[in-house]
Amino acid sequence: MATSGSVGFDPANKTVVVTGAGNGIGAGLATALAGRGAKVVVADLDAEGVNRTVATITESGGVALAVPGDAASADGVAAVIAATRDAFGPIDAWFANAGVDRGRGLDAAAADWELSWNVNVMAHVHAARALVPEWLERSGGRFVVTASAAGLLTMLGAPAYSVTKHGAVAFAEWLSATYRHRGIVVQALCPQGVQTRMLSESGPVEEILSHDVALTVETVADEVIAALDSDSFLILPHSEVFDYYQVRAGNTDRWLGGMNKLQQRVDAKTNEIANGL
């Protein structure tokens, strides 16, 4: 367990939870952490995906526990934590990876906004409320939020995703500012395009998201493992995201003008598809 005077997190023999670990980045994280000796709890609504990830880990000699269920609600988080403690004891790190991308444009339904808020933001709040008191008693704990580059920049066409991922980064920043002197390390994973189902289903935006190379989930997981050594708040598998982030902060109007040009490209591509061109 890291304390306020130490730096880095060695997964070996630690108990970690990864939400949204049935597929994609979460499955990659769970597998990578288990490969480095962690006892991994694999949580996801997708029971089949959870069992598949656990099978991959155990077949390679790792230790993993399948906990299918909703890790976005307070009750769901409590159930994951209880199952973890029963199997492995206290939790050393929580990888809040579960996320959803729902609704497009101003026509995004209220239900899409509500689901996005609950999964992309409130899931982190529920987990922190349950974990932080114990971590304060133990003088250490790690909370890693998968927030996406959309949480630092924006995601064209996806207002609910963009807004709630910004919220995820903001909550992670608040946690870090509030508790870092008491041994709690918070990190925000903000990748751009990653070769997952979410990317393949993003429509005309996929080409833009893949502009800086869509990384494999294994590459992203390796970047996270490396970042656990430094305790740096931002984990940026696409290094260019930091440059974009600086431009956005330094010249907001220039940034918005560039994003609008990209939106115009998306509009043109959408029209081509609609017209069968």
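All values derive from a computational prediction rather than experimental measurement. (Residues numbered from 1 in each chain as written. Predicted model: local features only at pLDDT ≥ 70, side-chain atom pairs only at ≥ 80, totals over all residues. Heavy atoms only, no water.)

A. Structural view of the overall build of the protein chain. Within the protein chain, the regular secondary structure consists of 10 helices and 7 strands. Taking 277 residues into account, the globule formula puts the C-alpha radius of gyration at 19 Å, and the protein chain, at 19 Å, falls close to it. When the accessible surface of the protein chain is split by element, carbon and sulfur atoms take 53% of a total near 12600 Å². (Helix = DSSP H or I, 4+ residues; strand = E, 2+ residues; numbered from the N terminus. Rg over C-alpha atoms; globule rule 2.2 N^0.38 Å. Areas by Shrake-Rupley, 256 points an atom, 1.4 Å probe, with all protein chains shown as cover.)

B. A look at unusual backbone geometry. Unusually for a residue other than glycine, Asn13 sits at a positive phi of about 65°. Counting through the fold element by element, Asn13 comes out in the segment before β1 (15–19). Among the residues examined, Asn13 registers a relative accessible area of 64% and is labelled exposed. In this model, Ser139 sits at a positive phi of 60°, which is unusual for a non-glycine residue. Along the chain, the position of Ser139 falls in the loop between α4 (110–138) and β5 (141–146). Looking at Ser139, the relative accessible area reads 35%, which means it is partly exposed. (Buried < 20%, exposed > 50% of the residue type's maximum accessible area, 1.4 Å probe, protein only.)

C. Layout of the packing of aromatic side chains. Inspection of the entire model under this criterion finds 3 aromatic pairs. Ring plane angle 85° and centroid distance 6.1 Å describe the contact between Trp174 and Tyr179, whose orientation is recorded as edge-to-face. The partly exposed category is assigned to Trp174, whose relative accessible area is 46%. Residue Tyr179 is classed as buried on the basis of its relative accessible area, which comes to 17%. Relative to Trp255, the ring of Tyr244 has its centre 6.4 Å away and its plane inclined at 35°; by these criteria the two rings are tilted. Placement of Tyr244 in helix α9 (residues 240–250) and of Trp255 in helix α10 (residues 252–274) is noted, with a sequence separation of 11 residues between them. Classification of Tyr244 by relative accessible area gives partly exposed; the value is 23%. Put simply, the rings of Phe171, Trp174 and Tyr179 pair up and form one aromatic cluster. One Lys or Arg, Lys14, reaches over the ring of Phe9 and ends 5.7 Å from the middle of that ring. (Phe/Tyr/Trp six-rings, centres within 6.5 Å; stacked < 30°, edge-to-face > 60°. Lys NZ or Arg CZ within 6 Å of the ring centre and 35° of its normal.)

Everything listed here is a matter of geometry and, on its own, says nothing about what the molecule does.
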